[in-house]
Amino acid sequence: MELRHLQHFVAVAEDQHFTRAAERLMVSQSGLSASIRALERELRAPLFVRTTRRVTLTEAGRALLTEAERILAQVRSAHEAVAAVQGVLRGTLSVGAEQCIAGVHPPGLLAAFRRTHPDVEVRLRQHGSTVLAEEVAAGRLDLAFAYRTQDDTDQLRSVSLAVEPMYVLCHPEHRLAGAAAALSCEDVGDEVFVDFHPDWGPRRATDAAFAEAGVRRTVALEVNDVHSLLDLIDENLGVAVVPRHFRHKRPALTALPLKGAGERGYETVALLPPDGARSPAARALMGLLETGGG
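Parameters at a glance
Residues numbered from 1 in each chain as written. Predicted model: local features only at pLDDT ≥ 70, side-chain atom pairs only at ≥ 80, totals over all residues. Heavy atoms only, no water. UniProt positions renumbered as here; feature names shortened; annotations may be inferred. Helix = DSSP H or I, 4+ residues; strand = E, 2+ residues; numbered from the N terminus. Buried < 20%, exposed > 50% of the residue type's maximum accessible area, 1.4 Å probe, protein only. Contact = heavy atoms within 4.5 Å. Areas by Shrake-Rupley, 256 points an atom, 1.4 Å probe, with all protein chains shown as cover. Pairing = 2+ DSSP bridges. Axes fitted to C-alpha atoms, helices over the stretch in contact; angles between N-to-C directions. Parallel < 35°, antiparallel > 145°, perpendicular 65-115°, else oblique. Left-handed = near helix turned anticlockwise from the far one by under 90°. Nonpolar A, V, L, I, M, F, W, Y, C, P; charged D, E, K, R; others polar.

The protein chain goes by LysR family transcriptional regulator in an unreviewed UniProt entry, where it is assigned to Streptomyces roseirectus. Per UniProt, the protein chain carries the Sequence similarities (unreviewed entry) text "Belongs to the LysR transcriptional regulatory family."

Observations regarding the overall build of the protein chain
Secondary structure assignment for the protein chain yields ten helices and twelve strands. For the protein chain, the spread of C-alpha atoms along the principal axes amounts to about 70 × 50 × 30 Å. Relative to its full complement of 294 residues, the protein chain shows a buried share of 49%. By sequence separation, contacts in the protein chain at least 24 residues apart represent 73% of the contacts at least 6 residues apart. When the accessible area of the protein chain is evaluated, it comes to approximately 14,600 Å², of which 50% is carbon and sulfur surface.

Observations concerning the UniProt feature "domain: HTH lysR-type" (unreviewed entry) in the protein chain
What UniProt calls "domain: HTH lysR-type" (unreviewed entry) maps, in this numbering, to residues 1-58. With 62% helix and 10% strand, residues 1-58 has end C-alpha atoms that lie 19 Å from one another.

Here we look at the sheet that holds strand β11 (residues 254-257)
The strand order β10-β7-β11 describes an open sheet built from three strands, whose pairing is antiparallel. What marks the edges here is a single partner per strand, and that holds for β10 (240-243) and β11. If you compare each strand with its neighbour and ignore which way they point, the axes differ by 40 degrees on average.

Examining the packing of helix α1 (residues 3-15) against helix α2 (residues 18-25)
Their axes nearest at 8 Å, the elements α1 and α2 cross at an angle of 125 degrees. Relative to α2, the element α1 is oriented oblique. In the packing of α1 onto α2, the handedness of the crossing is right-handed. Where α1 approaches α2, its residues His 8, Ala 11, Val 12, Glu 14 and Asp 15 are matched on the opposing element by Phe 18, Arg 20, Ala 21, Arg 24 and Leu 25. Of the residues assigned to the contact of α1 with α2, the class counts are five nonpolar, one polar and four charged.

Below, the structure written as structure tokens:
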């Protein structure tokens, strides 16, 4: 099995189109098609369902995609490791992050990395924590900064960044704003909630806290960015339960501790592949983070 065939296969799987993949790879469409046919003959299975408009993966193709991406990531890491031994860090650093993650400031960290290693191409993808964990485990990302969604596995390791309690955030004229003490899930269960999509770390932490308390709640206003959440609360359209550091983003809003969420209600981590699979660029970025370079 040739690496070139795997590279071609992954490109077609990503673009879902032979012509677009061929243009991106800068190869002829006939050559790309021949490469895919050779791979299918070797594996004795069709990898794509072809139509006039697009191509989609077969079950065999989906199984191969995960392994192909992991193999190509390991090959890339091998090339970068040799360059690092020679004293030059090159290649690509692919980083994932949730919005407004606690314990790290990705823009500052990546800026410091680029100043130190200008020959490395830096890529950033923003997504929810579950997807980011899958991307790191599959080798599509070198590392990610996310909410802890699982224990360590053979394919995924984590380094704790921050642990925060959860707070109720509301408009200063909301009835909850006058509370003299911390609030419980029971105190706020009947409120109109503003929250993120279910894959986001703050949403997962809030859902876990209410599930543990046995309190049902309804998310009426669902958003995918922090500023929209804060704007909706600022208009007194609902309340939110968020990690402690969110209260500094809109000081005019009222923030009250949520009882029963626990001191480990919101833990953020750096998600990494196992030590032997980490790229030199990922090691360098974590080194900057650990020394406060970002």
